[in-house]
Amino acid sequence: MTAPPLAPPTADAIDDNASPGGPRIVTFGCRLNTYESEVMREQAAKAGLSDAIIVNTCAVTREAERQARQTIRRLRRENPGTRLIVTGCGAQLDPKGWGAMPEVDQVLGNEEKLKAESYRPLAGGLDLGAPEKILVDDIMTVRETALHLVGGFEGRARAFVQVQQGCDHRCTFCIIPFARGNSRSVPMGRIVDQIRALVAAGYREVVLTGVDITAYGPDLPGAPSLGQMVRRLLRAVPDLPRLRLSSLDPVEVDEDLLALVASEPRLLAHLHLSVQAGADLILKRMKRRHLRDDVIALAQRLRTLRPGMALGADIIVGFPTETEEHFAQSLALVEEAGLTHLHVFPYSPRPGTPAALMPQVDKAVVKDRARRLREAGEAALAAHRALLVGGIDHVLIERPGEGHGETFIPVSVDPALTPGSIVPVRLRAGEGGHLIGEAVS
């Protein structure tokens, strides 16, 4: 599994709080969940369900599940008469456990949550009891990806488009393949249709998302690679100004994609790599398919093809058997590979994974290593921001006074600038991780 785009899968929820004409949706975890929450909103509205709360859970760590349960209890206290539906990866993996919560009215699996018919019983006000309360089928039997055209994204200037679902790899720390099923790709024509619709609706930036997007294509006619799909997509939608990619597996980055990095300015100079560790022995115990030198070589090649490329990475600290020497190699990789956007994950054992049975690292040691790696990441990001000061960046205005530049640096701008627009700005130093941008003609 590769990590989702732009932000790590965390327990922090995105709560739309108010959805005119549709249910309230609370989204935990990855950007794929964000996309699917928009699909759920439209499918629930199609079924006539409006007075409900849907919690889209994440199961990447036990902490993510704990905080989702805590949120569900709070939502029930605050909304005693509202139907409460739980779905997402947590629900897929343990439907009976979530269904046993007295606060929960219905549990939907990852496949069922995307279908209007799943919401119709609640829309009709029926009193669901067991077994109808739980609608979760075997995700491993699903062979195709649901092809949903999303009309828009509530409160966002950036849109997410699913191009792939599931994962065929079995990293020893990861439970997500069992919540998402096997890898399957969205046909290119449907991707083009979705992005054309989003561009027509005014979206200026699209993020391609999935569980393992570099696995795109082998199940489709002609077996196109991710790079081939992106090249055809950009050709088919010339009005799309900006395209981002979610997390990439270092060993699956294909030559077509590398050629686009060098030649296509609409493919933004910000890529995120699913690295996970900087020590070869730990990578092998994780059952990753790359080694340390592979990451460094790819980073060097990307910067040769696109000077100024910003690289992010997911790194797990405290994986079972990790020594201080192993951790030092992960710490050194930040500088050696030039990583500037780190997502640091303190390892915690996930029941059902091989790594949970391995010798564990003391929790205090894990916490300290996570702090040290985050500090290294913050220093690297600060150095990257400093290099941008004085130059001109093109900022997507996401809300009044706020936006992100091409390398995903937060930029504070004039609140009068129109959300959804892309504005050239001259950058100067700011505070709190933001640069300050002044619009230029």
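Given the structure is predicted, the values throughout are model-derived calculations rather than measurements.

> Explain the overall build of the protein here, please?
Check the secondary structure of the protein and you find 13 helices and 19 strands. In terms of overall size, the protein behaves like a compact globule, its C-alpha atoms giving a radius of gyration of 21 Å where 441 residues would be expected to give roughly 22 Å. Principal axes of the C-alpha set define a box for the protein whose edges measure 60 × 55 × 50 Å. Across the 441 residues in the protein, those meeting the buried criterion constitute 57%. Taking the contacts inside the protein whose residues are at least 6 apart along the sequence as the reference set, 73% of them involve residues at least 24 apart. Just so you have it, the protein exposes about 17,500 Å², and 53% of that area is on carbon and sulfur atoms. Here the protein contributes 52 positive and 54 negative side-chain charges, whose respective centroids are spaced 1 Å apart.

> I keep staring at helix H2 (residues 62-78) and nothing clicks. Help me out?
At 3.6 residues per turn, the α-helix brings residues three or four places apart onto the same side. For H2, built from 17 residues, the straight-helix expectation of 24 Å at 1.5 Å per residue is met to within 8% by its first-to-last C-alpha distance of 25 Å. Restricting attention to buried positions, one finds in H2 the residues Ala64, Glu65, Ala68, Thr71, Ile72, Leu75 and Arg76. Projected down its long axis, H2 carries its buried residues within an arc of 135°, all on one side. Its buried side turned inward, H2 meets strand E2 (24-28), strand E3 (52-57), strand E4 (83-88), helix H3 (89-93) and helix H4 (95-99).

> Would you explain helix H12 (residues 324-336) in this entry?
When the terminal C-alpha atoms of H12 are compared, their 18 Å separation across 13 residues agrees well with the 18 Å that a helix rising 1.5 Å per residue should span. Looking at the buried side of H12, the elements it contacts are strand E12 (270-276), helix H10 (280-286), helix H11 (292-305), strand E13 (310-317), strand E14 (339-346) and helix H13 (363-388). Positive backbone phi, at 65°, marks Gly338, one or two positions downstream of H12.

> Sorry, what's going on with unusual backbone geometry here?
Both trends apply: most residues other than glycine have a negative phi, and most peptide bonds are in trans. Within the chain, Gln276 stands out as a residue other than glycine whose phi angle is a positive 75°. Its place among the elements puts Gln276 in strand E12. At Phe408, a position not held by glycine, the phi torsion is positive, near 65°. Locating Phe408 in the fold gives a position in the loop between strand E16 (402-404) and strand E17 (410-412). Judged by its relative accessible area of 14%, Phe408 falls in the buried class.

> Explain the nonpolar core to me, please; I cannot follow it from the model alone.
Note on soluble globular proteins: their nonpolar side chains tend to be buried together. Judged by nonpolar contacts, the single largest core of 58 residues is most densely connected at Ile195, Leu208 and Met229. Broken down by element, this core gets its largest block of residues, six residues, from helix H7 (residues 188-200).

> Whenever I open this one, the pairing of E4 confuses me. Can you help?
Walk down a regular strand and you will see the side chains alternate between the two sheet faces. A large share of E4 lies buried, amounting to five of its six residues. Relative to E4, E3 is paired through six bridges, and the arrangement is parallel. Bridged to Ile53 within E4 is Leu84. Chirality of the crossover, the property in question, places the unit of E3, H2 and E4 among those that are right-handed. By the bridge criterion, two bridges tie E4 to strand E5 (residues 106-108) in an arrangement that is parallel.

> Can you walk me through the packing of aromatic side chains in this structure?
Given two aromatic rings, one states the distance between the centres and the angle between the planes to describe the pair. Per the stated rule, a full pass over the model turns up one aromatic pair. Summarising the aromatic geometry, the rings of Phe319 and Tyr347 are spaced 5.5 Å apart at their centres and angled 70° between planes, so their arrangement reads as edge-to-face. Linking Phe319 in the loop between E13 and H12 with Tyr347 in the loop between E14 and H13, this pair joins segments that are 28 residues apart in sequence. With respect to class, Phe319 is no different from Tyr347; both count as buried. Here the guanidinium or amino end of Arg69 rests over the ring plane of Trp98, the centre of that ring lying 3.9 Å away.

Thresholds applied
- Every chain is numbered on its own, with residues counted from 1 as its sequence reads.
- Where local features are concerned, this predicted model is filtered to residues with pLDDT of at least 70; where side-chain atom pairs are given and counted, the filter is 80 or more; whole-chain, interface and lining totals use all residues.
- Heavy atoms throughout the structure, all of them, feed into the side-chain values; hydrogens and water do not.
- Starting at the N terminus, helices and strands are each numbered in turn, a helix being any DSSP run of H or I of at least four residues and a strand any DSSP run of E of at least two.
- Each radius of gyration is computed over the set of C-alpha atoms, and the globule rule expresses the reference value as 2.2 Å times the number of residues to the power 0.38.
- Buried, partly exposed and exposed residues are distinguished by accessible area as a fraction of the type maximum, computed with a 1.4 Å probe on protein chains only: under 20%, between the cut-offs, and over 50%, respectively.
- In what follows, a contact means two residues having at least one pair of non-hydrogen atoms within 4.5 Å.
- Note on areas: Shrake-Rupley with a 1.4 Å probe; residue coverage comes only from the protein chains shown.
- His is not counted here, nor are the chain ends, while Lys and Arg score as positive and Asp and Glu score as negative.
- In this description, the location of a charge corresponds to atom NZ of lysine, CZ of arginine, CG of aspartate or CD of glutamate.
- Expected helix span is taken as 1.5 Å per residue step, with the number of steps being one fewer than the number of residues.
- Read the arc as the range of directions from the helix axis to the C-beta atoms.
- We define the nonpolar core as a collection of buried residues of types Ala, Val, Leu, Ile, Met, Phe, Trp, Tyr and Cys that are connected through side-chain atoms lying within 4.5 Å of one another.
- Being paired, for any two strands, means DSSP has found at least two bridges between them.
- Look down the strands so they point away from you; if the path from the first strand over the helix to the second goes clockwise, the crossover is right-handed.
- Between rings of Phe, Tyr and Trp, where Trp is taken as its six-membered ring, a pair exists when centres lie within 6.5 Å; planes separated by under 30 degrees are stacked, by over 60 edge-to-face, and by other angles tilted.
- To sit over a ring, a charge needs its Lys NZ or Arg CZ within 6 Å of the ring centre and within 35 degrees of the ring normal.

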